[in-house]
Amino acid sequence: MKKFIAIVVAIVAFVPFYSCDKEEASTEHYLILKFKFDPTQARLNNLGQPTAVPAGHAAQSPVFNTISSHYVEMAPNANTQLGQGTVLYHAPETTAGGATAIDFSQAKIVAQDEVFLKIPLKQVTAGTYQWMRVSLSYQNYGITVRHSGADYQGTLASFVGFNNYITNHSIGNTFFTVNGNRPQGYWAFALNDFPYSSSGQAPAGATTVPNPLAATSPIPAGSCVVTGQFAVPLQISGNESKDVVVTLSLSTNHSFEWIDSTPDGKYEPSAGETVVDMGLRGLLPTYVK
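Residues numbered from 1 in each chain as written. Predicted model: local features only at pLDDT ≥ 70, side-chain atom pairs only at ≥ 80, totals over all residues. Heavy atoms only, no water.

1. Some points on the nonpolar core
General note: in soluble globular proteins, nonpolar side chains tend to be found buried as a group. Note the threshold: Think of a nonpolar core as a cluster: buried Ala, Val, Leu, Ile, Met, Phe, Trp, Tyr and Cys residues, connected wherever their side-chain atoms sit within 4.5 Å. Note on exposure labels: buried denotes an accessible area under 20% of the residue type's maximum, exposed denotes more than 50%, and partly exposed covers the range between, all computed with a 1.4 Å probe on protein chains only. Counting from the N terminus, the helices are the DSSP runs of H or I reaching at least four residues and the strands are the DSSP runs of E reaching at least two. Note on contacts: a residue pair qualifies if any of its non-hydrogen atoms lie within 4.5 Å across the two residues.
Leu31, Leu33, Phe35, Leu88, Leu136, Phe256 and Met278 are the most contacted members of the largest nonpolar core, which totals 48 residues. Counting residues per element, this core draws most heavily on strand 9 (residues 127–147), which supplies seven residues. Ignoring sequence-local partners within four residues, the contact set of Phe256 consists of Ala58, Ala59, Gln60, Pro62, Tyr141, Ile143, Leu156, Tyr267, Val275, Asp277 and Met278. Grouped together as the second largest cluster of nonpolar side chains are 11 residues, Phe104, Phe176, Val178 and Ala190 included.

2. Looking at the side chain of Asp260
For clarity, the threshold we go by: We treat Lys and Arg as the positive residues and Asp and Glu as the negative residues; His and chain ends play no part in the count. Counted as salt bridges are all cases of a side-chain nitrogen of Lys or Arg within 4 Å of a carboxyl oxygen of Asp or Glu.
Among the structural elements, Asp260 can be located in the loop between strand 17 (256–259) and strand 18 (275–277). Although Asp260 lies buried, it forms no salt bridge, and the closest oppositely charged side chain, Arg146, sits 9.6 Å away as judged by the N-O distance. Residue contacts for Asp260: discarding those within four places in its chain leaves Gly56, His57, Ala58, Gly265, Lys266 and Glu273.

3. Here we look at the sheet that holds strand 16 (residues 244–251)
This is how it is decided: In this description, strands pair whenever DSSP reports at least two bridges between them. Axes here mean lines fitted to C-alpha atoms, for a helix over just the part in contact, with angles spanning 0 to 180 degrees between N-to-C directions.
With mixed pairing, four strands are arranged side by side in an open sheet as 8-1-16-19. Unpaired on one side and paired on the other, strand 8 (115–120) and strand 19 (283–288) mark the two borders of the sheet. With strand direction ignored, the average angle separating the axes of adjacent strands in the sheet is 20°. In this sheet, strand 8 lies alongside strand 1 (residues 30–38) in antiparallel orientation, the contact comprising five bridges. Paired with Leu31 across the two strands is Ile119, which belongs to strand 8.

4. Some remarks on the packing of aromatic side chains
Put simply, the test is: In summary, the pairing rule links any two rings of Phe, Tyr or Trp, Trp by its six-membered ring, whose centres are within 6.5 Å, and it sorts them by plane angle into stacked for under 30 degrees, edge-to-face for over 60 and tilted for everything else.
Counting across every chain of the model gives 14 aromatic pairs. Measuring from centroid to centroid gives 6.2 Å for Tyr141 and Phe256, while their planes differ by 70°, and the two rings are edge-to-face. Placement of Tyr141 in strand 9 and of Phe256 in strand 17 is noted, with a sequence separation of 115 residues between them. The class for Tyr141 is buried, based on a relative accessible area of 0%.

Here you go:
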């Protein structure tokens with residue numbers, strides 16, 4: 001009898017370890033994408049070169065709350081044309097407003113370090129990737145506004161996608177009804193502590209979209225496909241033993257820019273100062289395997 005009990009105990013003790021090993025062996029591993037906002041990262045122009053704020057303009061490094069992307073692609077090399085790399089994500093589009101546009105009602109909006117995309121690594125084309133392309137579509141951030149000599153804090157919703165179909169959107173308790181398409185550069189603003197709001201449109205073609213591969217792999221005019229290079233190429237085999245986490249660090253270095261007609265370096269819409277550029281100022285992708 002004692003011998004029988006000893007055998008049963010041994011079996012019971014062995015089964016959990018065997019089950020855990022079996023479960024671990026079948027665990028799915030993922031490619032995970034997250035965003036980071038960095039006001040100290042280099043401020044780049046459309047060609048991916050460092051640039052200063054132009055004379056007659058002023059800019060702020062806004063405090064980012066959330067962001068959304070319309071398209072994400074990994075490119076093997078500098079000659080890979082847009083769309084010919086490995087496309088990881090393409091947001092829903094609609095023709096409800098006429099021309100094809102990003103459907104804002106279905107946008108996935110995340111804060112820094114939140115998971116934007118999570119897909120099984122076995123679904124990602126195996127290969128070596130040097131570049132990331134991210135088409136940004138929506139930004140929500142805090143800015144400072146001056147009025148009658150006083151500074152106020154407010155929140156700006158910035159739509160930088162190629163075309164955006166918006167039924168309505170909100171900033172806090174302030175609601176904006178659009179029910180139509182809005183091109184790249186549409187924005188809406190509301191003060192945080194006072195009942196004031198406004199909306200407007202940045203000039204066509206004024207949104208900065210850094211692309212260091214402009215000479216070998218251009219992007220369409222009016223798109224917001226920001227391009228950045230991995231310091232060390234990312235290799236995907238499809239047989240990874242753990243998740244691969246890619247962080248897309250975006251430069252917010254003076255990314256909110258306006259015509260400073262006063263001039264005092266303060267954004268004063270009541271003085272007729274207008275927004276000209278809300279484009280992110282660079283992309284640095286990194287990964288952890």
